[in-house]
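Reading the structure
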Amino acid sequence: MSDAEDDIAERKMQFLFALRSKGVTDARVLSAMEKIDRGPFIRGLFSERAYEDMPLPIACGQTISQPSVVGLMTQALRIEPRDKILEVGTGSGYQAAILSQLARRVYTVDRHKRLVREASAIFNDLNLTNITPVVADGSFGLPDQAPFDRILVTAAAEDPPGPLLAQLKIGGIMVVPVGQSDTVQHLIRVTHTEQGFEYDELAPVRFVPLVEGLGKDA
Ligand code: SAH
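Parameters at a glance
Here the residue index of a chain counts from 1 through its sequence in written order. For a predicted model such as this one, the threshold for reporting local features is a pLDDT of at least 70, and the threshold for listing and counting side-chain atom pairs is 80 or more; totals across whole chains, interfaces and linings nevertheless cover every residue. Calculation of side-chain values draws on the structure's entire complement of heavy atoms; hydrogens and water are dropped beforehand. Where helices and strands are cited, they refer to DSSP runs of H or I of at least four residues and of E of at least two residues respectively, numbered from the N terminus. Our radius of gyration looks at C-alpha atoms and nothing else; its globule reference is 2.2 Å times the residue count to the power 0.38. Note on classification: 1.4 Å probe, protein chains only; a residue is buried when its accessible area is under 20% of the maximum for its type, exposed when over 50%, partly exposed between these limits. Contacts were defined at the residue level, with two residues in contact if any of their heavy atoms lie within 4.5 Å. By convention a nonpolar core is built from buried Ala, Val, Leu, Ile, Met, Phe, Trp, Tyr and Cys residues, the set being connected through side-chain atoms within 4.5 Å. Put simply, two rings from Phe, Tyr or Trp (the six-membered ring, in Trp's case) pair if the centres are within 6.5 Å, and we call them stacked under 30 degrees between planes, edge-to-face over 60, tilted for the rest.

We now examine the overall build of the chain. Across its full length, the chain carries six helices and nine strands. For 218 residues, the compact-globule estimate of 2.2 N^0.38 gives 17 Å, and the chain sits close to it at 17 Å. Its C-alpha atoms put the chain at 55 × 40 × 35 Å along the principal axes. Counting the 218 residues in the chain, one finds 49% classified as buried. Across the chain, contacts joining residues at least 24 apart in sequence account for 55% of those joining residues at least 6 apart.

Here it is, written out as structure tokens:
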């Protein structure tokens, strides 16, 4: 191996180590995160920091989430291979790519057209054909494709949005960061049972806010 290849292999090993040490222990989630390279989802200046466990800036003033948080959210969803998933907040597309390795179909929506366009191009390059990217205000979910087995919201809402709860199948699971944007938020898991909705609080997190309406570029 050349020095450069050695260096990348070393950084990837550290990346997986960081995930494990922060509680990402599910073997299927770890193998999806080993397979999907975070590099292509980050452009420009920050691309060389792709294997650090940090959120990084992307276009439209948004952020690609911290890898360990991506891992913990994915793990919390308890995805089954036949699942149809809705992700609200495509951003870079990285989280959707991870989900695509674990589920049958992933719909991912963002209010910024540019982010959806750039993520779509990466999904094509990587041949991730089970992801459908859509420009939409995800606070209303995706009524055309509902109901979903799993819903993942990657922007913080004050409460789990009602339309999303309504689009979750019985037996379905939604993971969503809840709280005011600049204060402490908590990752919440909502399980839809025959009796109603059960909530459990997972971890403190920090996400950009869920904003109503489409972006100016849409
Ligand atoms: N999951 C992303 C990170 C998401 S950052 C990744 O893996 O890179 C949060 C994203 O949510 C931003 O791209 C933002 O544009 C989007 N967002 C915020 N409010 C939204 C809404 N109402 N509908 C759809 N997307 C929204």
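Moving on, we get to the nonpolar core. Ranked by internal contacts, the top residues of the largest apolar core, which has 45 residues, are Phe 41, Tyr 94, Phe 123 and Val 175. Contributions of two or more residues to this core are made by helix 1 (3–21), helix 2 (27–35), helix 3 (67–76), helix 4 (94–100), helix 5 (113–125) and strand 7 (168–178). Top contributing element to this core by residue count: helix 4, with five residues. What Phe 41 contacts, discounting residues up to four positions off in sequence, is Ile 36, Ile 58, Ile 64, Ser 92, Gly 93, Tyr 94, Ala 97, Ile 122, Phe 123 and Leu 126. Residues Ala 136, Leu 165, Leu 168 and Val 178 belong to the second largest nonpolar core, which totals 17 residues.

Here the focus is the packing of aromatic side chains. A complete count under the given rule lists three aromatic pairs for this structure. Centroid distance Phe 15 to Tyr 51: 6.3 Å. Interplanar angle 85°. Geometry classified as edge-to-face. With a gap of 36 residues between them, Phe 15 in helix 1 and Tyr 51 in the loop between helix 2 and strand 1 (56–57) connect regions that are remote in the sequence. For the pair shown, Phe 15 and Tyr 51 are each scored as buried.

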